[in-house]
Amino acid sequence: MSELFDTLWRFLGYVFTGIGEANRLNPRVFELVAETPWSNWVIFVIAVLGGASLLIGQSVILFVNRVQPARFALSLLINGVVFALSLVSWAAAIWLVSRILGSPMPFGPVVRMVGLGAAPYIWGFLVLIPWAGPLIGRVLAVWSLLVVLAGLMQLYQTSFLTTLLGVGSGWLLITLLTYTLGRPIIALRNRLFRRVSGTALDARVTDLLADFARDDRASSDRSVQR
Amino acid sequence: MINLLFTGLLALLLLSALAAPLESLGWWAGWFGEREPAPDAAGPLAPTAQARAENPARHYMVYLSGIGAITDSSLPAEEIEWLDRFEPKLPGTELVREVFPYSVTNAGLTGNRMFRRSWTYMEKLRLKNEKNLLTMTINLRNLFHVLVSGDSRYGPIYSLGVAQEIVKALELRGYRLGSGIPVTVLGWSGGGQVAVGAATFLRRMLGAPIRVVSVGGLLSNDPGLDHVTRLYHFYGDKDPIQAMGGKMYIGRWKWFPESHWNRAMRRGVIVMTSLGPFSHNGAGNYFDWTTIAPDGRPYAEVTMDAIADALRAEGVLDQPKATAA
């Protein structure tokens, strides 16, 4: 039993070392993480934690839809996994672009580097902070991009602009795919979220204004306790 | 030691900031706090309110305190004195003070909540010495609730809760929903923003025109501005806190002409009035009886006269009774 705890403790140590070094934009972060045992799992856990933390920051959507505590916790976990998978698809796009541009990068290292890019999102829960939260969210997005850029530049000894072009094109490609070929996947993801949260997840804060602030009495039968 | 203190302070700041939206969101989701049906016109009145309802006032004014409030009645002494002396200047008006604006359930800090003991201790400290630095935690906690009110992600939920509590307090003072009797919400500092937010829902809940009076309020670009009949913002030229609202909330910047704030400004809904070189806190603030204006009136009186004059001009306040010569 104590051996299991010891292993878990060491694993968590690798996870937090990875997060710390990535957040410091240490260009050697990839090598550092690669040297650790279970490096793929370490990166996966970083991505899941980042996704879960970010959902805490953006949890207003869950609260507005009155997701109950147990389902709320499950939604965080699922969002972490979905977030990790979305990073894999972004990495695939970068890999594809690198091949199109004639300087192919091997898939594995790109995936792991993009996964490490989730490290700043460990602070995603701070998006919850009133007034400053949205700005914090944008800072984290830029920080995450910088982690990926710094890592890939070090890994492939490319210039900042070339790496930015590759990463940016990859992002554009994935955005395009999201709205075209990827629609069934997005629909599947949304279905999964609805299933896990136990609600339609269709209520927005702005609906409150429409429901309770309208001056006409047409919807007066609706009450706060829906 | 300094490092430890700094880390503790930062942790406290962070926890307060994170807890503030969760209180409102958790209430809405039914995780904690009570949730009641939204009040509606012609609903039943509590028996205690029945007698008052038979002889209602011509105008109701709800007071929302600044961020120094611990409960609806535990306010900084200067606010209590100011309200006591303001009430006689409001003929025909029922002044409602029973709303704690920094909670969606009207639960004061010393009420049934997790850190009740800490807040009770702070209250005792403040009673001994109003300037005790530790009591600033009250202001900090409430400040984050003002930011929740002004944040478009959480504001409507927060405002709905506060609006419900305002309606309940009004009913207890004999206000009958749907009667059309005008209501003014007077908010000081953070209470000004909470008042504007609550106005979003009050007009429909009460079926009456809603006026908001902000005294040094930190106002955001709130959708409530679409629902107020008039917003009077009284400010001091030496009050940087109320001025921060214009910088912090981009919807108040002139480059966004279609924001709630800028549309309300164009429609003439917002009336901004400088009271003079008033400050937000300390000597020369809006409730100060010792600093005297050039016309010989104390600052506290200048503030109350300005509010009463504005409401009288609107016709919601009776003329003051003539005093015998």
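Predicted, not measured: the structure shown is a model, and the values here were computed from it.

Asks: Would you mind showing me how to read the overall build of chain B here?
Replies: Each helix and strand in chain B was counted, giving 10 helices and six strands. Relative to the compact-globule value of 20 Å for 325 residues, chain B shows a C-alpha radius of gyration of 19 Å, a close match. The 325 residues of chain B split such that 56% are buried. Pairs at least 24 residues apart make up 71% of the contacts formed inside chain B by residues separated by at least 6 positions. Accessible area for chain B stands at about 14,100 Å²; split by element, carbon and sulfur atoms hold 61% of it. The distance from the centre of the 32 positive side-chain charges to the centre of the 30 negative ones in chain B is 3 Å.

Asks: What am I meant to see in the confidence of the model for chain A here?
Replies: One rule of thumb: low pLDDT means the predicted coordinates there are not for detailed reading. Looking at chain A as a whole, its pLDDT mean stands at 87, while 95% of the residues score no less than 70. Confidence, read as mean pLDDT per element, is least for helix 2 (residues 29–35) of chain A in chain A (79) and greatest for helix 4 (residues 60–64) of chain A (94).

Asks: I would appreciate a short explanation of the sheet that holds strand 5 (residues 230–238) of chain B in the present structure.
Replies: Remark on secondary structure: sheet strands pair via backbone hydrogen bonds, oriented parallel or antiparallel. Residue and element names in this part refer to chain B. The strand order across the open sheet built from six strands is 2-1-3-4-5-6, with neighbouring strands paired in parallel fashion. Lying at the two open borders of the sheet, with one neighbouring strand each, are strand 2 (93–96) and strand 6 (270–279). Taking the axes of each pair of neighbouring strands and ignoring which way they run, one obtains an average angle of 20° across the sheet. Here five bridges tie strand 4 (residues 210–215) to strand 5, and the two strands are oriented parallel to one another. Among the inter-strand pairings, Val212 is bridged to a residue of strand 5, identified as Leu231.

The rules behind these values
- Residue numbering note: each chain is counted from 1, following its sequence as written.
- Chain letters and ligand numbers both follow the written order, the letters beginning at A and the numbers at 1.
- Restriction of local features to residues with pLDDT of at least 70 applies here, the model being predicted, together with a cutoff of 80 or more for giving and counting side-chain atom pairs; totals for whole chains, interfaces and linings are based on all residues.
- Neither water nor hydrogens contribute to the side-chain values; these are computed over all heavy atoms in the structure.
- Secondary structure follows DSSP: runs of H or I at least 4 residues long count as helices, runs of E at least 2 residues long count as strands, and numbering of each begins at the N terminus.
- Only C-alpha atoms enter the radius of gyration, while the globule expectation follows 2.2 Å times N to the 0.38, with N the number of residues.
- Summary of the burial criterion: residues with accessible area below 20% of their type's maximum are buried, those above 50% are exposed, and those between are partly exposed, where the area comes from a 1.4 Å probe applied to protein chains only.
- Any two residues whose heavy atoms approach within 4.5 Å at even a single point are treated as in contact.
- To be clear on the numbers: accessible area is Shrake-Rupley with a 1.4 Å probe, and residue cover counts the displayed protein chains and nothing else.
- For this count, His and the chain ends are skipped, Lys and Arg are scored as positive, and Asp and Glu as negative.
- Charge placement uses NZ in Lys and CZ in Arg. For Asp and Glu, CG and CD serve respectively.
- Note on scores: pLDDT gives the predictor's confidence for each residue, bounded by 0 and 100.
- When DSSP finds two or more bridges between two strands, those strands count as paired.
- Each axis is a line fitted through C-alpha atoms, and for a helix only the stretch in contact is used; angles between axes span 0 to 180 degrees, taken between their N-to-C directions.

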